[in-house]
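Each chain, letter by letter, is given below.
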Amino acid sequence: MKKISLLLLSCCMLLIACDKKKEGTIQIKIVPTYGDTVMEMNKAVQDENGLDILKLEGKFHMYLSNIKLIGANSSEAIEEEIVLLDLLDTEHNPSLSKVAAGAYTSIEMGLGVDEKWNHEDPVSFDNDHPLGFDHSGNVWTWDSGFIFYMIEGSYAYNRDGVIDSTFTYHIGKDELFKTVTLPKNIVVEEDAITALELRLDLKKLLMDEGGMDLTTESKSRSGEKEFAIAQKFANLISETIE
Amino acid sequence: MNKLTYLILIGGVVFFIYSCKENDNNGPDIENYKPTPYELTIPPTFPQPKIPADNPLTVEGISLGRHLFWDPILSKDSTLACAGCHAPNLGYGDNLKTSVGVDGIAGKRNSMPLFNLAWSPQFLWDGSAATLEEQILNPVRDPVEMHLDWISAAKRLQNHPDYPTMFAKAFGECTVIDSTNTAKAIAQFLRTMVSASSKFDKASGISEPKTELTDSELNGFVLFIGTANEDAHCVHCHNKPLFSVTDGYFTNNGLDDWEDPSELTDLGLGGFNGNPDDIAKFKNASLRNIELTAPYMHDGRFQTLDDVLEHYISGVHLSPTVDFNIKSSFANGLKLPENGREDLLAFLKTLTDWEFVNDTAFYSPF
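Each residue is numbered by its place in its chain's sequence as written, counting from 1. Written order determines the labels here, with chains lettered from A and ligands numbered from 1. Totals for whole chains, interfaces and linings use every residue, but because this is a predicted model, local features are given only for residues with pLDDT of at least 70 and side-chain atom pairs only at 80 or more, for both listing and counting. Computation of side-chain values covers all heavy atoms of the structure but excludes hydrogens and water.

Trainee: So, the overall build of chain B: which residues are in play, and what are the values?
Mentor: Secondary structure elements are defined from DSSP: runs of H or I of at least 4 residues count as helices, runs of E of at least 2 residues count as strands, and each element is numbered from the N terminus. Within chain B, the regular secondary structure consists of 13 helices and two strands. A 1.4 Å probe rolled over the protein chains alone gives each residue an accessible area, and that area as a share of the maximum for its type sets the label: buried under 20%, exposed over 50%, partly exposed in between. When the 366 residues of chain B are sorted by exposure, 54% land in the buried category. Any two residues having at least one pair of non-hydrogen atoms within 4.5 Å are treated as being in contact. Expressed as a percentage of contacts within chain B between residues at least 6 apart in sequence, the contacts between residues at least 24 apart total 65%. Surface accessibility in these figures is a Shrake-Rupley result with a 1.4 Å probe; residues are shielded only by whichever protein chains are displayed. As displayed, chain B has an accessible area near 17200 Å², and 55% of this comes from carbon and sulfur atoms.

The following block contains the structure:
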């Protein structure tokens, strides 16, 4: 009887051990760049002539929804419904835990807050939830929606090294929610943390030909009067993020 | 110390412990005594309040806090209560540029109105108090306010005919009457002071009865929340439901023209935490009850709400730590449409909560 019990116990342990999924963690962060130069808050970057041209100030945040990792054989791992990336809070890069270990070749994600949460009141979440009250500076409380991304800063209007003008983009509204798929080779190892870095080139977005025209399109908070600018910015950001 | 002294000392300690723990059939059940929990009513759209685990709200604690708030016993010459600088009809602030203490000396900052403190993450204009309990310790001992050391304050309370019983009911029989428990009781009382019944709240369905804003108030509201040209951009720093900034909490709203901090008389948050990026930043005040809380700003420099609007329309200074929204939206002055100023003022007055200021539950119990 004792032997049978031991055998049964061993079988149970084996089953439990087999059942344990091999999982790891992905720590996700966003890095703003000016070309190849990494940008920091409140520090101007220089153009090819060494003149100050652009500076991030104020706020820089972005919501990502429905993050999905796609493997070589089209396998999918959906790991996090919503995260908030905040450049001012680099100490707390959001983690996607319980990601199935393995190799992935791309990441799919929504830039912003999916419509299914976008009209929720922050008080319906825990205060420290990405959509909760502690982050309610990221929500238009009278406009029923979260600010998908908020990018603020200043620039040299005349490109003469004198940073004298500001840009402000607060982009939201359901119709500006974009889903992107980025090629990314990510290997998630069991019980390990893998860094995933997203880059946003502000030179391409704001200063290069084909980007925003800062002389006439430097501000939008997605309101009716500025919606065309918001639309252009949302399109550009979905093409620029990598 | 001789043996007899030791014996007396040990005996005293044993007696103290015994008297606190033993429950004979004739006395109160001290060990199991619990003050009555008090459930704070959270208005719709308000988040969960920040109430410390070591100071839950109780009926007895709130009652004690209310008495202590209104009792001048905590000031040097027993003439000034907390309520002396926080009057109900003034939104629980005062109407002085900067408050005057028991010695007739004016402090350097304007008295902050008291309401919705259960949702505040930091206290005082410069954020130097991390908790409400910590904040309460300051005015009692501050020489330019109530100017009474806490040892003397505690002795007065211990020798009072009523307070020892009230402390026992609030915190248990063997509670020490000291600064910590005094501050805890006052904090409990202050956390019950919830303001969410203004005309605006009634118009937006947060409180009853349902009411409607006038055309002018509604126009003002649209300007208030608007962030395009010819809007007022107030919402950046005064978002609902608290009408204060919901993150960051401290801002430099462009009050002073300075390049070097030595030009300033008050460094604000930067003076407290030593961070140069925080110089000239002050706590972002709620606009609830703003009609009642003049004069305005940390130093009471603006006498009227119209003066405040004028600051944003034509007077902001782009100093080194100025808030980005000020720089971005107010650098060239605020351009309001015709009647915009009047409409905005009309809307701001809808944030006055007469039910709150007339609520006798917060008035003097004496």
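Having seen the structure, we can now continue with the description.
Trainee: So what about the environment of lysine 21 of chain A? Which residues, and what values?
Mentor: All names here are of chain A. Among the structural elements, lysine 21 can be located in the loop between helix H1 (2–19) and strand E1 (23–34). Take lysine 21: its relative accessible area is 62%, and that puts it in the exposed class. For the pair lysine 21 and alanine 100, spaced 79 residues apart in sequence, the C-alpha separation works out to 7.2 Å.

Trainee: Account for the interface of chain A and chain B, with residues named and values stated.
Mentor: At the interface, 23 residues of chain A touch 28 residues of chain B. In this assembly, chain A packs against chain B so that about 2000 Å² is buried in total across both faces, 54% of it on carbon and sulfur atoms. A pair is scored as a salt bridge if a Lys or Arg side-chain nitrogen falls within 4 Å of a carboxyl oxygen belonging to Asp or Glu. Along the contact surface separating chain A from chain B lie two salt bridges. Side-chain atoms alone can form a polar contact between residues adjacent in sequence; in general such a contact is a pair of N or O atoms within 3.5 Å, and within protein one must be able to donate a hydrogen while the other accepts it. Our count for the contact surface shared by chain A and chain B stands at five residue pairs in polar contact (both at pLDDT 80 or more). The set of elements that each furnish at least two residues to the side of chain A that touches chain B consists of strand E4 (52–71), strand E9 (145–155) and strand E10 (165–172) of chain A. Looking at side-chain class alone, the side of chain A that touches chain B contains five nonpolar, nine polar and nine charged residues. A 1.4 Å probe defines the accessible area here, and the buried area is the portion of it lost by two parts on being joined, summed over both. Only Asp, Glu, Lys and Arg are considered charged in this grouping, and only Ala, Val, Leu, Ile, Met, Phe, Trp, Tyr, Cys and Pro are considered nonpolar; every other residue, Gly among them, is considered polar.

Trainee: Can you break down the pairing of E4 of chain A residue by residue, with the values?
Mentor: Residues and elements named next belong to chain A. Along E4, 15 of the 20 residues are buried, which leaves the element largely enclosed by surrounding structure. Here, any two strands with at least 2 DSSP bridges between them count as paired. Bridge analysis of strand E3 (residues 45–46) against E4 gives two bridges, and the strand direction is antiparallel. The residue bridging valine 45 from the neighbouring strand is leucine 54, located in E4. Hairpin connection of E3 to E4: five residues between the antiparallel strands, including glycine 50 at a positive phi of 80°. Pairing analysis gives six bridges linking E4 to E9, with the strands arranged antiparallel. Bridging from a neighbouring strand, leucine 54 pairs with tyrosine 155 of E9. Bridge count for E4 against strand E7 (residues 102–111) is six bridges, and the pairing is antiparallel. When the bridges of E7 are listed, leucine 69 appears paired with isoleucine 107.

Trainee: Describe the confidence of the model for chain B, naming the residues involved and giving the relevant values.
Mentor: The quantity called pLDDT is the predictor's confidence in a given residue, expressed from 0 to 100. Per-residue confidence for chain B gives a mean pLDDT of 90, with 91% of residues at or over 70. Low confidence marks residues 21–27 of chain B, where pLDDT is under 50. Its contacts with residues over four positions away, or in another chain, come to three contacts.

Trainee: Before we move on, can you summarise empty space enclosed by the protein with the specific residues and values?
Mentor: All names here are of chain B. Only protein atoms enter the 1 Å grid used here. Points where a 1.4 Å probe fits but cannot escape make up a cavity, open sets with protein on both sides within 12 Å along at least five of seven lines make up a pocket, and a residue lines them when an atom lies within 4 Å of a point. Grid points are joined across faces, edges and corners, and a volume is the space filled by probe spheres set on the points. One pass over the structure, following the stated rule, counts four cavities of 30 Å³ or more. Computed from the structure, the largest cavity encloses a volume of approximately 610 Å³. In terms of lining, the largest cavity is formed by 38 residues, of which the most central are His238, Asn253, Leu287, Met297 and Tyr312. For the lining of the largest cavity, the elements supplying multiple residues, two or more each, are strand E2 (282–283), helix H10 (305–315), helix H11 (324–330) and helix H12 (340–349). When residues of the lining of the largest cavity are assigned to domains, at least three map to each of domain 1 (32–194) and domain 2 (199–355). Throughout, the edges of the domains are those of an automatic or database domain assignment.

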